[in-house]
Amino acid sequence: MKCFLKKTLGVCLIGLGVGILMVLLLPITGWLILIGLIVIAVGFMWLAC
C-alpha cells in the first residue's frame, strides 16, 4: 500500500509539473519554467523509488 501511495504521489507531481509548464509558457519566464521542471524531476524520483 505504501508503494502504491508513493507512485500515486509521483504521478501527481509529474502532472502538476507538466501543468505548470503548459500554463506558464504563455508568459515565458525562466524561473517558472524551472519550477515546473523541478516538480517533474521530483515526480520521476518518487516513481523510481
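Just above sits the structure.
Residues numbered from 1 in each chain as written. Predicted model: local features only at pLDDT ≥ 70, side-chain atom pairs only at ≥ 80, totals over all residues. Heavy atoms only, no water.

A. Looking closely at the overall build of the chain. Counting its secondary structure elements, the chain contains two helices and zero strands. Residues classed as buried in the chain amount to 22% of the 49 residues present. Sequence separation of at least 24 residues holds for 58% of the intrachain contacts in the chain that already meet a minimum separation of 6. Surface accessibility of the chain: about 3600 Å² in total, with carbon and sulfur atoms responsible for 87%. (Helix = DSSP H or I, 4+ residues; strand = E, 2+ residues; numbered from the N terminus. Buried < 20%, exposed > 50% of the residue type's maximum accessible area, 1.4 Å probe, protein only. Contact = heavy atoms within 4.5 Å. Areas by Shrake-Rupley, 256 points an atom, 1.4 Å probe, with all protein chains shown as cover.)

B. Representation of a nonpolar patch on the surface within the structure. A cluster of nonpolar side chains, contributed by V18, M22 and V23, occupies part of the molecular surface with about 300 Å² of accessible area. When you line up the elements, V18 lands in helix 1 (residues 2-24). (Patch = residues over 30% accessible without salt bridge, like charges linked within 9 Å, V, L, I, M, F, W, Y side chains within 5 Å. Salt bridge = Lys/Arg side-chain N within 4 Å of Asp/Glu carboxyl O.)

C. Expanded view of the environment of M22. Inspection of the secondary structure puts M22 in helix 1. Judged by its relative accessible area of 61%, M22 is exposed. Taking the C-alpha atoms as reference points, M22 and G36, 14 residues apart in sequence, are found 9.1 Å from one another.

This is a description of form; function is not addressed.
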